[in-house]
Amino acid sequence: MEKRILLVEDEEHLIDAIKLNLELENYIVKVAEDGKKAIELWEGQRFDLILVDVMLPNVDGLTVCETIRLKDSEIPILILSAKGSSTDRILGLKAGADDYLLKPFNLEELLLRIQILIKKGDKLRQNRPEIAEDFSFGNNYVNFSTYEFKGINDQQGQLTAREIQLIKLLIERKNEV
């Protein structure tokens, strides 16, 4: 099966070069030139990997990572960025990226990292159960899209994005230490 990559980049010369080389490696590549479009494409299609720049118009790359991670903890995300300080790399990894590659980069290294991340993503997806949009246990209920919960004594409210991520992680890794 052909692997699909979402390339989120706003520099036209980089888009053309990366897209061409990925297509030569038999990847199907969709391009989003800003973060908002990237999230829309990701929500409407299936991808095996996301390549995302940090500095984007409308919605930055870190926000794109965080948004995707709320609903999908397993899709590999590789940040391509000109911002190379250790703080920038740490922020990218904390936002949910699996890897961080500094621009300018070696094309062969990029292709190898993509290949490795896609293989890891495939293995993770094979071993994890699919999680529905909502989850109930006992009298408790959580909706992962709206962040609403119902708990003890019919207490209701909203959870934070971090709390939703944690609950999803615990559900995905049931019976694991």
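Let me begin by describing the structure that accompanies this report. This one's a predicted model, so the numbers in the text were calculated from it and none came from an experiment. (Residues numbered from 1 in each chain as written. Predicted model: local features only at pLDDT ≥ 70, side-chain atom pairs only at ≥ 80, totals over all residues. Heavy atoms only, no water.)

Now for the sheet that holds strand β3 (residues 49–53). Across the sheet, which stays open at both edges, the five strands sit in the order β2-β1-β3-β4-β5 with parallel pairing between neighbours. Two strands close off the open sheet at either side, each with one partner strand: β2 (28–32) and β5 (99–102). The average undirected angle you get between the axes of adjacent strands in this sheet is 20°. Relative to strand β4 (residues 77–81), β3 is paired through four bridges, and the arrangement is parallel. Opposite Ile 50, over in β4, you have Ile 77 as the bridge partner. (Pairing = 2+ DSSP bridges. Helix = DSSP H or I, 4+ residues; strand = E, 2+ residues; numbered from the N terminus. Axes fitted to C-alpha atoms, helices over the stretch in contact; angles between N-to-C directions.)

The next subject is the pairing of β3. Taken across its five residues, β3 has five buried, putting it largely inside the fold. Two strands pair when backbone bridges link them, and strand β1 (residues 4–8) and β3 are joined in this way by four bridges, in the parallel orientation. Counted as the bridge partner of Leu 6 is Ile 50 from β3. Following the chain from β3 across helix α3 (residues 61–71) to the adjacent parallel β4, one finds a crossover that is right-handed. (Buried < 20%, exposed > 50% of the residue type's maximum accessible area, 1.4 Å probe, protein only. Right-handed = clockwise from strand over helix to strand, strands pointing away.)

It is worth spelling out a negative patch on the surface at this point. Taken together, Asp 10, Glu 12, Asp 16 and Glu 33 make up a surface patch of like negative charges. Within the fold, Glu 33 resides in the loop between β2 and α2 (35–44). (Patch = residues over 30% accessible without salt bridge, like charges linked within 9 Å, V, L, I, M, F, W, Y side chains within 5 Å. Areas by Shrake-Rupley, 256 points an atom, 1.4 Å probe, with all protein chains shown as cover. Salt bridge = Lys/Arg side-chain N within 4 Å of Asp/Glu carboxyl O. Lys, Arg positive; Asp, Glu negative; His and termini not counted. Charge placed at Lys NZ, Arg CZ, Asp CG, Glu CD.)

With that out of the way, let us pick up the pattern of salt bridges. By the definition in use, this model includes eleven salt bridges. Across the salt bridge formed by Glu 11 and Lys 103, the nearest N and O atoms sit 3.6 Å from each other. One end of the pair, Glu 11, is in the loop between β1 and α1 (12–24); the other, Lys 103, is in the loop between β5 and α5 (107–127), and 92 residues separate them in sequence. Given a relative accessible area of 32%, Glu 11 falls into the partly exposed group. Taken together, the salt bridges that share partners define one network made up of Glu 9, Glu 11, Asp 53 and Lys 103.

For the structure on display, the rule yields one aromatic pair. Centre to centre, the rings of Phe 135 and Phe 137 are 5.6 Å apart; their planes meet at 35°, and the pair counts as tilted. Among the residues examined, Phe 135 registers a relative accessible area of 29% and is labelled partly exposed. In this structure Phe 137 comes out as partly exposed when scored by relative accessible area, which is 40%. (Phe/Tyr/Trp six-rings, centres within 6.5 Å; stacked < 30°, edge-to-face > 60°.)

Don't take any of this as a statement about function, it's just geometry.
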